[in-house]
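# Commentary on secondary and tertiary structure
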Amino acid sequence: MSKVLTAVDKSGSYRVYLTISTDLVEEARRIHNTTPLATAGLGRALTGAGLMGLMLKNDTDKLTALFKGDGPAQQILATASGAGAVKGYIANPDVDLPLRADGKLDVGGSIGMGELTVIKDLGLREPYIGKIALTSGEIADDLTAYYYISEQQNTAIALGVKVETDYTVGCAGGMVIQMLPNADEEAVDALEAMIGKMKPITSLIGEVTEAGAGKSEEGLVRGLMEHIFREMPEYFQPETLEVKEMGWNCDCSMERLEQVLMTIGYKDLKEIIEEDGKAELVCQFCCKKYQFDKAHLERILESIS
């Protein structure tokens, strides 16, 4: 599980959500066997959605972020709960493109132009759905734009994934900064100056990890918080409110996949039974395979007849 620090600055001008999500992203890479480019895109989406999920009011609240574009990655979907459970997938885990001119993985190019949809299920009759056109395909930029356009919330988001030469995840992390009502103008100016010269979050994680070898995961995240905000004026320094956790958790089950089979309709299900006598369904999120024999399919068919 990845530790997430939540904090508010001393002036009450902004709040912060900060995490080192290396374990979460590596688990997703292992499950989906992604290329480095796919790992970077999926890892950023999972980290961003995970932080957004923890910003929800209740543990049972759920959030889904869908990045759908005309690039070769096709789409990336990540879901998260208020309790920190995260899962997701990329439609094309084999996506590969040349590096950008600056030597970075071209996540924006892999997604292309399209739409970002954010769905919040808050336990009400209808979920909240917000949609914006993708601004760049770079996950953090698009989530920042979503908050500004759909929720009228000034937000800064940093997300990063470093992939090693053996394709494993060297480090990953994310940060969300949101301005609070009646924020001090000096705090806004100080944050803008800090963000303007901030290094990539993976570089900052690397520096903190090297300096704090042997520290606990929570200790490293606390060190990262101090490192990022070290030049902020004392009055605008963040103070930790809570330490939360988020991690990979797929809640698929045989019962859920039965519901999927029910949705295909009596005629099509009957045809599967007659022609194949069995069915195999694979969870998009965790790639677990579920086998349905003829007797099981017939019971499902009987239940919808």
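That block above? That's the structure.
All figures in this text were calculated on a predicted structure; none of them were measured in a lab.

## Considerations on the pairing of strand S5 (residues 85-90)
Most of S5 is tucked away: five of the six residues are buried. Where strand S4 (residues 75-81) lies against S5, five bridges are found, and the strand directions are antiparallel. Within S5, the residue paired with Leu-77 across the bridge is Tyr-89. Pairing of S5 with strand S10 (residues 238-248) involves two bridges; the strand directions are parallel. Residue pairing for S10: Val-86 is matched across the bridge by Trp-248.

## Looking at the state of the cysteines
A disulfide bridge is the covalent bond that connects two cysteines by way of their sulfur atoms. Enumeration according to the criterion identifies zero disulfides in this entry. Free of any disulfide, Cys-252 has its nearest neighbouring cysteine sulfur in Cys-286, separated by 3.5 Å.

## With respect to the packing of aromatic side chains
Taken as a whole and judged by the stated rule, the model has four aromatic pairs. Measuring from centroid to centroid gives 5.5 Å for Tyr-89 and Phe-285, while their planes differ by 70°, and the two rings are edge-to-face. With Tyr-89 in strand S5 and Phe-285 in the loop between strand S11 (279-282) and strand S12 (289-292), the pair connects residues that are 196 residues apart, well separated along the chain. Per residue, the accessibility class of Tyr-89 equals that of Phe-285, and both read buried. Taken together, a centroid distance of 5.3 Å and an interplanar angle of 65° make the contact between Tyr-146 and Tyr-147 edge-to-face. Residue Tyr-146 shares its accessibility class with Tyr-147, and that shared class is buried.

## Here we look at the packing of helix H6 (residues 201-211) against helix H7 (residues 217-228)
Where H6 meets H7, the axes come as close as 9 Å, and the angle between the chain directions of the two elements is 120°. On the basis of the axis angle, H6 is oblique to H7. H7 is crossed by H6, and the crossing has right-handed handedness. For the pair formed by H6 and H7, the contact residues are Leu-204, Ile-205, Glu-207, Val-208 and Thr-209 on the first element and Leu-220, Gly-223, Leu-224, His-227 and Ile-228 on the second.

Each value, and the rule that gives it
- Residues numbered from 1 in each chain as written.
- Predicted model: local features only at pLDDT ≥ 70, side-chain atom pairs only at ≥ 80, totals over all residues.
- Heavy atoms only, no water.
- Buried < 20%, exposed > 50% of the residue type's maximum accessible area, 1.4 Å probe, protein only.
- Helix = DSSP H or I, 4+ residues; strand = E, 2+ residues; numbered from the N terminus.
- Pairing = 2+ DSSP bridges.
- Disulfide = S-S within 2.5 Å.
- Phe/Tyr/Trp six-rings, centres within 6.5 Å; stacked < 30°, edge-to-face > 60°.
- Axes fitted to C-alpha atoms, helices over the stretch in contact; angles between N-to-C directions.
- Parallel < 35°, antiparallel > 145°, perpendicular 65-115°, else oblique.
- Left-handed = near helix turned anticlockwise from the far one by under 90°.
- Contact = heavy atoms within 4.5 Å.

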